[in-house]
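Listed here are the chains, written in short residue letters.
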Amino acid sequence: MSASPPRIAVLASGRGSNLQAILDAIGSGRLRAEVVGVFSDRPAAEALLRVDPGLRWAHAPKEFSDRATYEQALGDALAAAQPDWIICAGYMRILGAIFVQRFAGRLVNIHPSLLPLHKGLDTHARALQAGDAEHGASVHLVVPELDAGAVLAQARVPVSPGDDAQALAARVLAVEHPLLIATLRLLCSGRLAERDGQPWLDGHPLFNPLALDSAGNLNR
């Protein structure tokens, strides 16, 4: 085991519940890692308040001349933090191809659907409209195409009769946090890694997403 824990940077636009789950897991000893920065496109994002001021970077894209200039500044700030993993946890902007390629193999996103179903926004309402029997969350590698990177792990929840989008969202959120932490434990331990866009677990290619069980463990 190396002397210093793996370094995690978090991109967030909202309240930061997934960030808090990471901080709690680190604090309780369930995740050996260090959060080295929280980066946001919304200076008023509640997520920023969950870490010390020295770990915050927040700038609205409108402060910059164009998207490329904003993403260059964000990328430079991220690179300065020297993260091993960059976690998009409720970050509500699509990242450009140049940015994604700069951090290829280190960018991970958590998305509230069973990808490849329901990429993008309003996933809970769309799952209900589609008549899905199951819904859930996915942790995946970030590629330039929206929500299209290889899926590392998923957690499934049943869709119940009478569900509305809010009720279904709450059920998914309850599994999102343990899913993210379980995946990060594998990533930060080195057991789960990326090679040329393909996930590998314990030295073998991972062709199907890992599944979260009721005990919070990931299984093939």
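Here the residue numbering is sequential within each chain, running from 1 through the sequence in written order. Selection of residues for local features in this predicted model requires a pLDDT of at least 70, selection of side-chain atom pairs for listing and counting requires 80 or more, and totals for whole chains, interfaces and linings are taken over all residues. Water and hydrogen atoms were dropped before computing side-chain values, which therefore reflect all heavy atoms in the structure.

*Asks:* Help me out: how do you make sense of the packing of aromatic side chains in this one?
*Replies:* Any two rings among Phe, Tyr and Trp, with Trp reduced to its six-membered ring, count as a pair given centres within 6.5 Å; such a pair is stacked if its planes are under 30 degrees apart, edge-to-face if over 60, and tilted if neither. Counted according to the given criterion, the structure contains four aromatic pairs. Note on Phe39 and Trp57: the rings are 6.4 Å apart at their centroids and 40 degrees apart in plane angle, and the pair reads as tilted. In this pair, Phe39 sits in strand S2 (residues 34-40) while Trp57 sits in strand S3 (residues 56-58), placing the two residues 18 residues apart along the sequence. Whether a residue is buried, partly exposed or exposed follows from its accessible area with a 1.4 Å probe, protein chains only, as a fraction of its type maximum: under 20%, in between, or over 50%, in that order. Looking at Phe39, the relative accessible area reads 4%, which means it is buried. In textbook terms, an aromatic cluster arises when at least three aromatic residues are bridged by ring pairs, as seen for Phe39, Trp57, Phe64 and Tyr70. If you follow Arg195 out to its NZ or CZ, it ends over the ring of Trp200, 4.0 Å from the centre. Secondary structure elements are defined from DSSP: runs of H or I of at least 4 residues count as helices, runs of E of at least 2 residues count as strands, and each element is numbered from the N terminus. We call a charge positioned over a ring when the NZ of a Lys or the CZ of an Arg lies within 6 Å of the ring centre and within 35 degrees of the ring normal.

*Asks:* Looking at this model, I keep getting lost on the nonpolar core. Mind explaining?
*Replies:* Nonpolar side chains in soluble globular proteins generally cluster together in the buried interior. Core analysis: the largest hydrophobic core is formed by 45 residues, its most contacted members being Ile8 and Ile22. Sequence-distant contacts of Ile8, defined by excluding residues within four places in its chain, comprise Ile22, Leu31, Ala33, Glu34, Val35, Val36, Gly37, Trp85, Ile87, Leu184 and Cys188. Here, nonpolar core refers to any group of buried Ala, Val, Leu, Ile, Met, Phe, Trp, Tyr and Cys residues whose side-chain atoms link them within 4.5 Å. Of all hydrophobic cores here, the second largest spans 19 residues; its members include Ala9, Leu11, Phe99 and Leu107. Here a residue-residue contact requires only that any non-hydrogen atoms of the pair lie within 4.5 Å.

*Asks:* Hey, could you run me through helix H5 (residues 165-189) in this one?
*Replies:* Residue pairs three or four apart in sequence face the same way in an α-helix, which turns once every 3.6 residues. With 25 residues, H5 ought to run about 36 Å at 1.5 Å a step, and its terminal C-alpha atoms sit 36 Å apart, in line with that. In the segment just after H5, Gly190 is the residue with positive phi, at about 85 degrees. One less than the number of residues in a helix, times 1.5 Å, gives the span that helix is expected to have.

*Asks:* Could you clarify how one ought to interpret the sheet that holds strand S11 (residues 210-212) in this entry?
*Replies:* Where strands meet in a sheet, backbone hydrogen bonds hold them as pairs that are either parallel or antiparallel. Strand pairing is assigned whenever DSSP detects at least two bridges linking the two strands. The strand order S3-S2-S1-S4-S5-S6-S7-S11-S12 describes an open sheet built from nine strands, whose pairing is mixed. Only two strands of the sheet have a single partner each, and these edge strands are S3 and strand S12 (218-219). With seven bridges connecting them, strand S6 (residues 134-141) and strand S7 (residues 151-158) associate as antiparallel partners. Within S7, the residue paired with Ser138 across the bridge is Gln154.

*Asks:* Honestly, the layout of surface pockets in this entry has me stumped. Any pointers?
*Replies:* Where empty space is left can be seen by rolling a probe of water-molecule size over the atoms. Any residue with an atom within 4 Å of a point lines the site, the site being either a cavity, points on a 1 Å grid over the protein atoms alone where a 1.4 Å probe fits but cannot get out, or a pocket, an open set with protein on both sides within 12 Å along at least 5 of 7 lines. Grid points are joined across faces, edges and corners, and a volume is the space filled by probe spheres set on the points. Taken as a whole, the largest pocket spans an internal volume of roughly 950 Å³. In this structure, the largest pocket is lined by 36 residues; those nearest its centre are Gly90, Tyr91, Met92, Ile110 and Pro112. Counting only elements with at least two residues in the lining of the largest pocket, the list comes to helix H1 (17-27), strand S5 (107-111), helix H4 (123-129) and H5. Top contributing element to the lining of the largest pocket by residue count: H5, with four residues. Across the lining of the largest pocket, the residue classes break down as 17 nonpolar, 12 polar and seven charged. Residue polarity is assigned by list, with Asp, Glu, Lys and Arg as charged and Ala, Val, Leu, Ile, Met, Phe, Trp, Tyr, Cys and Pro as nonpolar; anything else, Gly included, falls into the polar class.

*Asks:* What should I look at first to understand the environment of Ala33 in this one?
*Replies:* For Ala33, the position within the fold is in the loop between H1 and S2. Residue Ala33 is classed as buried on the basis of its relative accessible area of 8%. Taking the C-alpha atoms as reference points, Ala33 and Ser4, separated by 29 residues in sequence, lie 8.4 Å from one another. Each residue touching Ala33, except ones within four places of it in the same chain, is listed here: Pro5, Pro6, Ile8, Ile26 and Cys188.

*Asks:* Can you help me understand the sheet that holds strand S8 (residues 192-195) in this one?
*Replies:* The three strands lie next to each other as S8-S9-S10, forming an open sheet whose pairing is antiparallel. Looking along the sheet, the strands with just one partner apiece sit at the ends: S8 and strand S10 (204-205). Bridge count between S8 and strand S9 (residues 198-201): four bridges; the pairing is antiparallel. Each bridged residue has a counterpart across the sheet, and for Arg195 the counterpart in S9 is Gln198.

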